[in-house]
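Topology and contacts: notes
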Amino acid sequence: MRRDLPGRLVVVAAIAACGAACGAPATPQPLPLANRAGGLSLDLAHDLERGDGAPRDYARSAAIYAALCTEGHGLPAACYELVDAIRGARGVSYDEARVAAIGRVLCDGGDDVGCALAPADDRHPRADAAPRLLELCRRGSGRACVNVVVAASPDASERAQELRRGVACRAGLVDACGALAQALAHCAFGFDPARCEQSMRRRGHGDATVDDAYDRLFAACDRGDARACAYIPSRHLPFAELCAAHDYGACADLGCLGDDAARAVADAHAAPEPSCHDAGSEALALWRVAKSPTLLPPVAADRFRIGEPQEGMLVDAIRVEHHGGRDRHGWPRLDLYDSSTRDATAVSVCVYAYDRNGQQVAWFRAAHAVDVSSNHVVELPIDDPAAEPDLYDDDTIIVDVDHLELLGEVFDDPSRCPAQRPTTQGGLTMGW
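Residues numbered from 1 in each chain as written. Predicted model: local features only at pLDDT ≥ 70, side-chain atom pairs only at ≥ 80, totals over all residues. Heavy atoms only, no water.

When its secondary structure is counted, the protein shows 17 helices and eight strands. Out of the 432 residues in the protein, the part that is buried amounts to 48%. Restricting the contact set of the protein to residue pairs at least 6 apart, pairs at least 24 apart contribute 58%. When the accessible area of the protein is evaluated, it comes to approximately 20500 Å², of which 53% is carbon and sulfur surface. (Helix = DSSP H or I, 4+ residues; strand = E, 2+ residues; numbered from the N terminus. Buried < 20%, exposed > 50% of the residue type's maximum accessible area, 1.4 Å probe, protein only. Contact = heavy atoms within 4.5 Å. Areas by Shrake-Rupley, 256 points an atom, 1.4 Å probe, with all protein chains shown as cover.)

Now for the environment of Leu 242. Locating Leu 242 in the fold gives a position in helix 14 (residues 239-244). Once the C-alpha coordinates of Leu 242 and Arg 56 are considered, the two residues, 186 residues apart in sequence, prove to be 8.3 Å apart.

One recurring pattern in soluble globular proteins: nonpolar side chains tend to sit buried together. Counting residues in hydrophobic clusters, the biggest one holds 44 residues, and the most contacted among them are Leu 184, Tyr 214, Leu 217 and Phe 239. Secondary-structure elements contributing two or more residues to this core are helix 9 (158-170), helix 10 (174-180), helix 12 (208-222), helix 13 (226-229), helix 14, helix 15 (248-256), helix 16 (260-268) and helix 17 (276-290). The leading source of residues in this core is helix 12, at seven residues. Excluding residues within four positions of it along the chain, Phe 239 makes contact with Ala 250, Asp 253, Leu 254, Leu 257, Ala 279, Glu 282 and Ala 283. Counting residues in hydrophobic clusters, the runner-up holds 30 residues, among them Cys 79, Val 92, Val 99 and Val 113. (Core = buried A, V, L, I, M, F, W, Y, C linked by side-chain atoms within 4.5 Å.)

The residue sitting at the N-terminus of helix 16 and contributing the capping side-chain oxygen is Asp 259; that oxygen lies 3.2 Å from the backbone nitrogen of Ala 261. Remark: Ala 270 follows helix 16 within two positions and exhibits a positive phi of approximately 55°. (Polar contact = N/O pair within 3.5 Å; in protein donor to acceptor, adjacent residues only side chain to side chain.)

Below, the discussion takes up empty space enclosed by the protein. Summed over all chains, the structure comprises one cavity of 30 Å³ or more. Considering the residues around the largest cavity, the lining is formed by Ala 252, Arg 263, Ala 266, Asp 267, Ala 271, Glu 273, Pro 274 and Arg 303. Among the elements that make up the lining of the largest cavity, the one with the highest residue count is helix 16 (three residues). Here the residues of the lining of the largest cavity are counted per class, giving four nonpolar, no polar and four charged. (1 Å grid on protein atoms, 1.4 Å probe; cavity = no way out; pocket = protein on both sides within 12 Å on 5 of 7 lines; lining within 4 Å. Points joined across faces, edges and corners; volume = space filled by probe spheres on them. Nonpolar A, V, L, I, M, F, W, Y, C, P; charged D, E, K, R; others polar.)

What follows covers the state of the cysteines. Under the criterion given, the structure shown has nine disulfides. Here Cys 107 pairs with Cys 115 through a disulfide, and the sulfurs are 2.0 Å apart. On the S-S bond that ties Cys 107 to Cys 115, the torsion sits near 90°, and the link is right-handed. Of the two residues, Cys 107 and Cys 115, neither departs from the other in class, the shared state being buried. (Disulfide = S-S within 2.5 Å.)

With that settled, the discussion passes to the pairing of strand 3 (residues 344-355). Burial of strand 3 is extensive: eleven of the twelve residues sit out of reach of the surface. Counting the residues that bridge the hairpin from strand 3 to strand 4 (residues 360-365) gives four residues, and of these Gly 358 lies at a positive phi of roughly 80°. (Pairing = 2+ DSSP bridges.)

This paragraph deals with the confidence of the model for the protein. With 81% of its residues at a pLDDT of 70 or more, the protein has an overall mean of 80. Scored below 50 in pLDDT, residues 1-38 makes 68 contacts in the model with residues more than four places away or belonging to other chains. (pLDDT = per-residue confidence, 0-100.)

Think of a sheet as strands paired side by side through backbone hydrogen bonds, with each pair either parallel or antiparallel. Spatial strand order, 1-2-5: three strands in an open sheet with antiparallel pairing. Lying at the two open borders of the sheet, with one neighbouring strand each, are strand 1 (318-326) and strand 5 (377-379). For this sheet, the mean inter-axis angle between neighbouring strands, taken without regard to orientation, is 30°. By the bridge criterion, six bridges tie strand 1 to strand 2 (residues 332-338) in an arrangement that is antiparallel. Paired with His 322 across the two strands is Leu 334, which belongs to strand 2. (Axes fitted to C-alpha atoms, helices over the stretch in contact; angles between N-to-C directions.)

This is the structure we're talking about:
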């Protein structure tokens, strides 16, 4: 049951100082405080993460953790939460150096879990902390169990790790619960994920640790914990909702789906590079749950891995991949990458769509004049397609280049872009 929190005050000090650096609104809205003394508390931060009594806001919760942690000199429990937020880029920029610095301070103060966060150097050897972490884990410390150095453990068996995750799960660390209930991920590929999830939950797994993890994971999701819901395919929160709440990792995932503004926010906060494949799979699972007859399935980016520019065959200088998302016609947006050492001044690209039987159902040609600097990516501007296929039934597109100019050198081969082109002709093949 959600509860109304007493009082409404503006959170000041560390939270107000966060401001634009956390991606928070310029004028913070009044928020309720959960602490009986009217100050900052872990309870308030947890409520803000869950959206309990106030809008979900990871930037404000991270600011509370930071204020209570004071970079390792304050409340250790707040420091652990802050480290989780930093590593997840939830409400605060990703910064592994900051995590290490907090770990050093905690370790110097005798906190063995903090020692696991500190770099393994002469002053803060992780190996020395491992036996103490194992003992703390045996006594029921979830954080210690999560941070145990498995290689240093006398028992690194799969069952031993499962039991440690069980301790962490019972301590409220939902990622440990999710690791024990990882079989739920398979429900994302069925037509009724919710029914699959309930079936898996009811059937029992012959293991009290795993059964308990399922119950705790669903209960945490019921309370609004987005991290718990992320392990339950039918209950994933939309990336857009999480990004708006300053989950910069979710902003990065949203960038995979073509939201350039969200991607810029993620980059500004150094969010780790997302797996666009995973983001696309999660977005597709949400689309299936919605069962909307008017929306097209989402298309995730391929994400170029730009390296050093290469000399090579002229036609190989240009690559085409998904930008993420769709244009106003429903076609996947595409990017051009000039992987050569020279600038491309003109590129002609053709795109073909095929149904599941391999029959060509549509094709169109991209704009001819495109400037692409050496080792740079640009979005491919396209003309209106000559025909719009039934995109629900298409599962393949083929892209090819029939004209390319790189600083005066010209490649021209109209045969690569005929009006009718069999899939056996090759080119760059992409899934929808």
